[in-house]
Amino acid sequence: MQVYLADLHIHTALSPCAEAEMTPPAIVEAAVSRGVRMVGICDHNSAENALSVAEAGRAAGVTVICGMEVQTCEDVHVLTFFENPGALLAWQGEVYAALSDIENDEERFGEELVLDPMGAVTGRLRRLLLASTSMGIDRVGRRVRELGGLVVPAHVDRPSFSLIRSLGFVPPGLDPDAVEVSPRTGARRAREAYPGIAGLPIIVSSDAHRLNEIRAYTSFRLERPSFEEIRLALRSASGRAVTPLDREGI
Amino acid sequence: MRCVKVRDFLDSLDCTVEAGAAGLDNEVRGGYASDLLSDVMAHARDGDIWVTVQAHQNIIAVATLAGLAAVVVAGGVECEPETARRAEEEGIPLLRTRLAAFEVVGRLHAAGVRGSARG
């Protein structure tokens, strides 16, 4: 077993609210420089850049967990992760079909850039990604499970777009694989403040929208750095473990 | 305000009873409007009729917890089947209307229902 430092919630320049500097090679380089060996790519309601970052990470020895930060109809943000690119793209198709069709105003919200593994712009999305889907959180949980993915309600400690804020508590039957807490609050304080998350694994991640926000906020003990190993660690199975690193990260 | 019941508002709110008809004689003592369930848990009062556009099953647990008289799902939002099932189970009237939340609150207020002035 080895310890792997991770930051599983990072946006790319695809998210309008993220900086244009969030390109695949730059994200990988920032991760390497901070000792982060596993990154999660979670843009808003889209995974168009995740595979490019995965490609960029391969050469540098950074493992990329591909995902998406989906906004449910209850205004809850949920991180969804997939190992299989086919499942990821199938899920993206379902999210796109459920996403409100509002045109992005680049001046106002920012650009939505599709990038290749080298960081070159290969396209831009017309539709605004900062919007709700028509899917409820229970459906999101069910579909992601069916597609073999992981379900992690994002930043449950935040005043907006959080499961706890919008829905009061973890819905019965959702059974998330973990919940994410912001570094500002940290896992220890979140456990005190939200008794409803007792018993659920916690990951802390940056939710980075700019390069200097990327940081190791969670440590995993794994056999090897992979999606399946993370799944095992979230269940504390066979000696694997997940440990949120409170305070400033590493 | 004289004692008013949930059923007294069915016409003026132009709503359908999706579930929980057993609670239609619940007394309405006040009103609350919010779409953040954590906020409702913290601030709604016993006997309030609650106006929201959330239709997730958790709204019924919140209504039960806070002792609310009824939940009005506004804006024509579809109620999830699980939400209706829980409302039926708990006997919490789950009302659905095409009227927007603002209009629902306005009509309730005009009928004498008041919110807390302290927030």
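The structure this text deals with has already been given above.
Predicted model, so just to flag it, every value in this text is computed and none were measured.

A look at the overall build of chain A
And then number 1: When helices and strands are tallied, chain A shows eight helices and 11 strands.
And then number 2: By the compact-globule yardstick of 18 Å for 250 residues, chain A fits well, its C-alpha radius of gyration being 16 Å.
And then number 3: Counting only C-alpha atoms and orienting by the principal axes, one finds that chain A spans roughly 45 × 40 × 30 Å.
And then number 4: A burial count over chain A gives 59% of its 250 residues as buried.
And then number 5: The long-range fraction of contacts in chain A, counting pairs at least 24 apart against all pairs at least 6 apart in sequence, stands at 71%.
And then number 6: Roughly 9,900 Å² of accessible area belongs to chain A as shown, and the carbon and sulfur atoms make up 49% of that amount.
And then number 7: On chain A, the mean spot of the 25 positive side-chain charges and the mean spot of the 34 negative ones are 6 Å from each other.

Looking at the interface of chain A and chain B
And then number 1: Each side of the interface is counted separately: chain A has 13 residues, and chain B has 14 residues.
And then number 2: In total, chain A and chain B occlude about 1,000 Å² of area from one another, counting both sides; carbon and sulfur atoms represent 49% of this.
And then number 3: On the chain A side of the interface with chain B, the three residues burying the most area are Arg165, Leu167 and Phe169 of chain A, jointly 45% of the side's total.
And then number 4: Counting across the interface, chain A meets chain B through seven residue pairs in polar contact (both at pLDDT 80 or more).
And then number 5: Put simply, the parts of the chain that give the side of chain A that touches chain B at least two residues each are helix H5 (137-146) and helix H6 (163-167) of chain A.

Describing unusual backbone geometry
All names here are of chain A.
And then number 1: Of note, the phi angle at Asp207 is positive, near 55°, even though the residue is not glycine.
And then number 2: Here Asp207 is to be found in the loop between strand E9 (202-204) and strand E10 (218-222).
And then number 3: Note on Asp207: relative accessible area 9%, which makes it buried.
And then number 4: At Ser238, a residue that is not glycine, the phi angle is positive and equals roughly 50°.
And then number 5: By secondary structure assignment, the location of Ser238 is in the loop between helix H8 (227-234) and strand E11 (241-244).

Comments concerning the side chain of Asp157 of chain A
All names here are of chain A.
And then number 1: Looking at the element boundaries, Asp157 is found in the loop between strand E7 (150-153) and H6.
And then number 2: Despite being buried, Asp157 has no salt bridge partner; Arg158 is the closest side chain of opposite charge, sitting 5.4 Å away.
And then number 3: A distance of 2.7 Å separates polar atoms of two side chains, one belonging to Asp157 and the other to Thr185.

Quick look at the sheet that holds strand E1 (residues 2-10) of chain A
Residue and element names in this part refer to chain A.
And then number 1: The strand order across the open sheet formed by seven strands is E7-E4-E3-E2-E1-E10-E11, and the pairing between neighbours is mixed. Either end of the sheet is taken by a strand with one partner, and the two such strands are E7 and E11. Each neighbouring strand pair of the sheet contributes to a mean axis angle of 25°, computed without reference to strand direction.
And then number 2: Where E1 and E10 come together, five bridges link them in antiparallel fashion. Note on E10: the bridge partner recorded for Gln2 is Leu222.
And then number 3: In the packing of H8 onto the sheet, the strands contacted are E1, strand E2 (38-44), strand E3 (63-71), strand E4 (77-82), E7, E10 and E11, and the crossing angle to E10 comes to about 100°.

What to know about the layout of surface pockets
And then number 1: Reported here for the largest pocket is a volume of approximately 540 Å³.
And then number 2: Considering the residues around the largest pocket, the lining is formed by 29 residues, among which Cys73, Glu74 and Gly136 of chain A together with His56 and Glu80 of chain B are closest to the centre.
And then number 3: Of all the elements, H5 of chain A adds the most residues to the lining of the largest pocket, at five residues.
And then number 4: Residues that form the lining of the largest pocket fall into these classes: 10 nonpolar, nine polar and 10 charged.
And then number 5: Size it by volume and the second largest pocket reaches roughly 250 Å³.
And then number 6: Ala54, Arg58, Thr63, Val64 and Glu83 of chain A are, among the 16 residues lining the second largest pocket, the residues nearest its centre.
And then number 7: Elements with a contribution of two residues or more to the lining of the second largest pocket: helix H2 (50-60), E3 and helix H3 (85-98) of chain A.

As for the pattern of salt bridges
All names here are of chain B.
And then number 1: According to the stated counting rule, one finds 23 salt bridges over all chains in the structure shown.
And then number 2: Notably, a salt bridge pairs Glu82 with Arg86, separated by 3.1 Å at the nearest N-O pair. On the criterion of helical spacing, the pair formed by Glu82 and Arg86 is a turn pair, its members being four residues apart in helix H3 (residues 81-90).
And then number 3: According to the relative accessible area criterion, Glu82 is partly exposed, its value standing at 25%.
And then number 4: Each of Glu82, Arg85, Arg86 and Glu89 takes part in one network of salt bridges that share partners.

Thresholds applied
Residues numbered from 1 in each chain as written. Chains lettered and ligands numbered in written order. Predicted model: local features only at pLDDT ≥ 70, side-chain atom pairs only at ≥ 80, totals over all residues. Heavy atoms only, no water. Helix = DSSP H or I, 4+ residues; strand = E, 2+ residues; numbered from the N terminus. Rg over C-alpha atoms; globule rule 2.2 N^0.38 Å. Buried < 20%, exposed > 50% of the residue type's maximum accessible area, 1.4 Å probe, protein only. Contact = heavy atoms within 4.5 Å. Areas by Shrake-Rupley, 256 points an atom, 1.4 Å probe, with all protein chains shown as cover. Lys, Arg positive; Asp, Glu negative; His and termini not counted. Charge placed at Lys NZ, Arg CZ, Asp CG, Glu CD. Buried area = accessible area lost by both parts, 1.4 Å probe. Polar contact = N/O pair within 3.5 Å; in protein donor to acceptor, adjacent residues only side chain to side chain. Salt bridge = Lys/Arg side-chain N within 4 Å of Asp/Glu carboxyl O. Pairing = 2+ DSSP bridges. Axes fitted to C-alpha atoms, helices over the stretch in contact; angles between N-to-C directions. 1 Å grid on protein atoms, 1.4 Å probe; cavity = no way out; pocket = protein on both sides within 12 Å on 5 of 7 lines; lining within 4 Å. Points joined across faces, edges and corners; volume = space filled by probe spheres on them. Nonpolar A, V, L, I, M, F, W, Y, C, P; charged D, E, K, R; others polar.

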